[in-house]
Amino acid sequence: MHIGVIADDFTGASDIANTLAKGWADGGGLRTTQFLGIPVTAAPADCEAGVVSLKSRSIPAAEAVAQSLAALEWLQAQGCRQIVFKYCSTFDSTPQGNIGPVGEALAQALGVRGVPACPAFPGAGRTVFQGHLFVGDRLLSESSVATHPLNPMTDPDIRRWLTRQSTEPVGLVPHQTVRQGAAPIRTALDRAGAGGERLVIVDAISDEDLVAIGEACADLKLITGGSGIALGLPRNLIAQGVVTGRRGAFTGVQGPEAILAGSCSRTTLAQIELHRSDHAVLEVDVDAVIRNEVTPSDVVEFIRANEGLQPLVFSSNTPANVAAYQARYGTGTVAHALEQLFAQAARILVDGGLRRLVVAGGETSGAVVSALGLQSLEIGPEIDPGVPVLIDRGTSLALALKSGNFGAPDFFAKALAALEARP
Ligand SMILES: Nc1ncnc2c1ncn2[C@@H]1O[C@H](COP(=O)(O)OP(=O)(O)OP(=O)(O)O)[C@@H](O)[C@H]1O
Ligand SMILES: O=C(O)[C@@H](O)C(=O)CO
């Protein structure tokens, strides 16, 4: 394995696995596997890039650091020469972490400074300019993530935000340098490192910027960012003759289906609205879940009763209603109860023969996939930017794990179709 990724949530892991598998401008991608948690066995021999999915975005910083260092150790044991720490393109974190603590710990373990930090994902509207993160034409703090249930992002100056999470100075490579290409970017990173800056925000407003940053980082031991930071990496390995860029053929699966949504993002809410206009949906009553009056069996019963009709179960709600539930029960309690509801229902459904599963939300996906006890997933074709088809060959289960803010309005129906085997 040449490239090893440590991803702080499961949908983010799929996102960067998709980037690595796809490559840039039809130039070829890498044979990529998404590992669910830190594997206890060796990676498959033909795996060129491996993404370890952690659920470390919203846990205490010390635990996130410990898990990330353990993932680093496993990836190094698989021969990875380059490590990528993947976090959210909207830099989801709190002033306490976890991007700074994990980034610094990995950099210290690898003995490197001047490590790029770039969450940009222009394909999904996330750009970084003068250290400020934009979502479309809005500053991060004016986008819907300002009211995220777990990591409200209230400061668009991510250099300042990362500094609050870091023990060492944070640098900036501005767009004036990035637009000059790989060599000046690399000089700027080296200079930042020599000046004592451990993590360095790098501006990027286009895919071309990200490819240039990738080229500048060709021999760096550590890179950090959103999935866009990996855009140029397959090309580096292909140019070096280390890999061919050719991937295996994809075949989908056949069988019963379900959609589970715990994401409360604006995008997911719009996808639910469209889907419910012509499909069977069940809205989970959060109060009843907390009182144990709605259980996984209710979710299972609904999905089974609507087999073939693309059934969707969701707990998703507006920011005001989410805030009210959180105030009533505590943020962690309500999140845990809903995640477990979906996770246990998924377990029963898959044990009973469900074969196509779409999950919306990173934390929700993490809980579901952990309950399913899957080890690793092969990366199939892209459904929408940042969301690939995932296949567990052992169980013939096909999945799509959708980041909250990703996907076209008709994503749910589109994803179920993409997971299905064509005659
Ligand atoms: N009605 C609700 N009230 C309060 N919390 C909720 C409600 N519905 C879902 N949640 C919780 O909100 C969190 C949503 O996070 P999740 O990561 O699943 O989605 P997301 O943040 O939109 O996705 P991503 O992390 O991929 O951007 C979960 O912990 C979920 O259990
Ligand atoms: O980078 C992103 O936006 C996504 O991959 C993600 O991590 C959302 O949870």
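Residues numbered from 1 in each chain as written. Chains lettered and ligands numbered in written order. Predicted model: local features only at pLDDT ≥ 70, side-chain atom pairs only at ≥ 80, totals over all residues.

Caption draft 1: Expanded view of the nonpolar core. Core analysis: the largest hydrophobic core is formed by 133 residues, its most contacted members being Val52, Val200, Ile213 and Ala400. Counting the residues that make up this core, at least three belong to each of domain 1 (3–239) and domain 2 (257–419). Every residue in contact with Ile213, bar those within four places of it in the chain, is listed here: Pro116, Cys118, Val178, Ile185, Val202, Ala204, Ile229 and Gly232. (Core = buried A, V, L, I, M, F, W, Y, C linked by C-beta atoms within 7 Å. Buried ≥ 20, exposed ≤ 12 C-beta atoms within 10 Å, placed from the backbone. Domains from an automatic or database assignment. Contact = placed C-beta atoms within 7 Å.)

Caption draft 2: Geometry of the site of ligand 2. In the region of ligand 2, 13 residues are neighbours, and Gly12, Asp15, Ser89, Gly362 and Ser403 sit closest. Residues that form the shell around ligand 2 fall into these classes: two nonpolar, nine polar and two charged. The residue makeup of the shell around ligand 2 includes at least three contributed by each of domain 1 (3–239) and domain 2 (257–419). (Near = placed C-beta within 6 Å. Nonpolar A, V, L, I, M, F, W, Y, C, P; charged D, E, K, R; others polar.)

Caption draft 3: Representation of the UniProt feature "domain: Four-carbon acid sugar kinase nucleotide binding" (unreviewed entry) in the chain within the structure. Mapped onto the present numbering, the UniProt feature "domain: Four-carbon acid sugar kinase nucleotide binding" (unreviewed entry) falls on residues 258–412. Along residues 258–412 one finds 46% helix and 23% strand; the C-alpha atoms at either end are 10 Å apart. (UniProt positions renumbered as here; feature names shortened; annotations may be inferred. Helix = DSSP H or I, 4+ residues; strand = E, 2+ residues; numbered from the N terminus.)

Caption draft 4: Here's a closer look at the UniProt feature "domain: Four-carbon acid sugar kinase N-terminal" (unreviewed entry) in the chain. Here the UniProt-annotated "domain: Four-carbon acid sugar kinase N-terminal" (unreviewed entry) positions come out as residues 3–232. Strand forms 20% of residues 3–232 and helix 33%; the C-alpha atoms that close the span are 12 Å apart.

Caption draft 5: How the structure looks around the environment of Lys55. With respect to the helices, strands and loops of the structure, Lys55 is situated in the loop between strand 3 (49–53) and helix 2 (61–77). With 308 residues separating them along the chain, Lys55 and Glu363 place their C-alpha atoms 7.1 Å apart. Beyond its immediate sequence surroundings of up to four residues, Lys55 is in contact with Asp9, Phe10 and Gly366.

Caption draft 6: View of the confidence of the model for the chain. Looking at the chain, the pLDDT average stands at 96 and 100% of residues meet or exceed 70. At the level of chain-chain contacts, confidence expressed as ipTM amounts to 0.97, with global pTM at 0.92. (pLDDT = per-residue confidence, 0-100.)

Caption draft 7: Representation of the domain arrangement of the chain. Per the domain assignment, the segments making up the chain are domain 1 (3–239) and domain 2 (257–419). In this assembly, 25 residues from domain 1 lie in contact with 29 residues from domain 2. For the side of domain 1 that touches domain 2, the secondary-structure elements that each account for two or more residues are helix 1 (10–22) and strand 2 (32–36). Tallying contributions element by element places helix 1 first for the side of domain 1 that touches domain 2, with nine residues. Within the side of domain 1 that touches domain 2, the residues separate by chemical class into nine nonpolar, 12 polar and four charged.

Caption draft 8: Examining the site of ligand 1 more closely. Around ligand 1, the surrounding shell holds 28 residues, and the nearest of these are Ser263, Ala335, Gly361, Gly362 and Gly404. Going through the elements one at a time, helix 12 (319–329), helix 13 (331–351) and helix 14 (362–372) are the ones with two or more residues in the shell around ligand 1. Among the elements that line the shell around ligand 1, the one with the most residues is helix 13, at four residues. Here the shell around ligand 1 is composed, by residue class, of nine nonpolar, 16 polar and three charged. A domain-level breakdown of the shell around ligand 1 finds at least three residues from each of domain 1 (3–239) and domain 2 (257–419).

Caption draft 9: Seen up close, unusual backbone geometry. Put simply, Gly97 and Asn98 share a cis peptide bond, and its omega is 15°. Even without being a glycine, Phe91 presents a positive backbone phi close to 60°. Secondary-structure assignment places Phe91 in the loop between strand 4 (82–86) and helix 3 (99–110). Given 24 C-beta atoms within a 10 Å radius, Phe91 is considered buried.

Caption draft 10: Representation of the sheet that holds strand 6 (residues 126–129) in the model. Strand order across the open sheet formed by three strands is 6-7-8, with antiparallel pairing between neighbours. Edge positions in the open sheet fall to strand 6 and strand 8 (138–139), since each of these has one partner strand only. Here four bridges tie strand 6 to strand 7 (residues 132–135), and the two strands are oriented antiparallel to one another. Residue pairing across strands places Phe129 opposite His132, the latter belonging to strand 7. (Pairing = 2+ DSSP bridges.)

Caption draft 11: Quick look at helix 2. For helix 2, spanning 17 residues, the distance from its first C-alpha to its last is 24 Å, which sits close to the expected 24 Å at 1.5 Å a residue. Where helix 2 is concerned, the buried positions are Ala64, Val65, Gln67, Ser68, Ala71, Leu72, Trp74 and Leu75. Of the surrounding secondary structure, the elements contacted by the buried residues of helix 2 are strand 1 (3–7), strand 3, strand 4 and helix 3. Directly beyond the C-terminal end of helix 2, a positive phi value near 95° is found at Gly79. (Expected span 1.5 Å × (residues − 1).)

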